[in-house]
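Listed below are the residues making up each chain.
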Amino acid sequence: MSASTEHRKFNPEPLPHRIFLYGTLKRAQTNHFRLQNKEFGRVRFVATARTKEAFPLVIFTRWNIPFLLHSPGKGQQVYGEIFEVDERRMKWMDDFEDHPDIYCRDKVTCETVSSDVIECSGRNDDVRQSVVSDVRYDDADDSRKLQSDDVTDDLFTEDDVIVDRYKIGQEVEVWTYFLKDFLPEMSELESYSSYDSNGDHNKPYCLERFISVEDTYEGLAGRKRTREPPSKDNDL
């Protein structure tokens, strides 16, 4: 008996905060697995989006870290993903991004694009969409069959696509993490409309930077920490 695929959609109550992610925490990127740990709070993908205003999205340091420079009107509109998070996950995000020592969390207006993930090579002129199905259930597997009344928030993982939250093209005010105090030469770097660690920029993100994370501070305008660093699992 051949298996068929059923697509189910649901729209639970929103979590209290919305965050626009443009770098390694996006789905299919190097650090996304960290969002899947429920110990640090709840997180839910809701839409792909782009910033309404242009900003430079650059890759810098020897670890090839993506930074969104707080230079409104420069660069281009940046594509990323909007996630809803709870209070505990918001605190985790601030620790992960070293807010306010390196990145600074601030509000930005985004325009929703779709409920599909953005894939791209990293170049400004190569933004490709790859459809991600909402939820898949194999009809041949009785244990995974659901009735419509059974579709509740508890039955889904953090990576399930939530539909009908926003209309395409809707403006949404969300949090994101900017680099506000940066070296002047960073403004001269190539900027991208969408980030992919494996893009054709040939600057893959390096997880091994955790070994000497203090160097990140020394490489960005010579800043020093104002608080104790978070644990390795929550670091940049």
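The shown structure was predicted, so the numbers you read here are calculated from the model rather than taken from an experiment. (Residues numbered from 1 in each chain as written. Predicted model: local features only at pLDDT ≥ 70, side-chain atom pairs only at ≥ 80, totals over all residues. Heavy atoms only, no water.)

A.B. asks: What is the right way to look at the packing of aromatic side chains in this model?
C.D. replies: By convention here, two paired aromatic rings are described through the distance between centres and the angle between planes. One pass over the full model with this rule turns up five aromatic pairs. Ring centres 5.4 Å apart and planes at 25° place the aromatic pair F67 and Y103 in the stacked group. Of the two residues, F67 is situated in strand 5 (residues 65-68) and Y103 in the loop between helix 1 (87-96) and strand 7 (104-114); the sequence distance between them amounts to 36 residues. Of the two residues, F67 and Y103, neither departs from the other in class, the shared state being buried. A network of ring pairs unites the aromatic residues F40, W92 and F96 as a single cluster. The side chain of R89 reaches across the aromatic face of W92, ending 4.7 Å from its centre. (Phe/Tyr/Trp six-rings, centres within 6.5 Å; stacked < 30°, edge-to-face > 60°. Helix = DSSP H or I, 4+ residues; strand = E, 2+ residues; numbered from the N terminus. Buried < 20%, exposed > 50% of the residue type's maximum accessible area, 1.4 Å probe, protein only. Lys NZ or Arg CZ within 6 Å of the ring centre and 35° of its normal.)

A.B. asks: When you look at the confidence of the model for the protein chain in this model, what are you seeing that I'm missing?
C.D. replies: Per-residue pLDDT for the protein chain has a mean of 74; in total, 62% of the residues score no lower than 70. Across residues 1-8, confidence stays below pLDDT 50; counting only partners more than four residues off in sequence or on other chains, it has 20 contacts. (pLDDT = per-residue confidence, 0-100. Contact = heavy atoms within 4.5 Å.)

A.B. asks: How do you make sense of the side chain of R44 when you look at a structure like this?
C.D. replies: Tracing the backbone through its elements, the reader meets R44 in strand 3 (residues 43-51). What makes R44 buried here is its relative accessible area of 4%. A distance of 3.0 Å separates a polar atom in the side chain of R44 from the backbone oxygen of E13. (Polar contact = N/O pair within 3.5 Å; in protein donor to acceptor, adjacent residues only side chain to side chain.)

A.B. asks: Can you walk me through helix 1 in this structure?
C.D. replies: An α-helical turn contains 3.6 residues, so a residue and the one three or four places further along point in the same direction. Most of helix 1 sits inside the fold, with seven of its ten residues counted as buried. For helix 1, the full list of buried residues reads R89, M90, W92, M93, D94, D95 and F96. Tucked inside the fold, the buried residues of helix 1 contact strand 2 (17-21), strand 3, strand 6 (79-85), strand 7 and strand 11 (171-178). The first or second residue beyond helix 1 is D98, which carries a positive phi of 55°.

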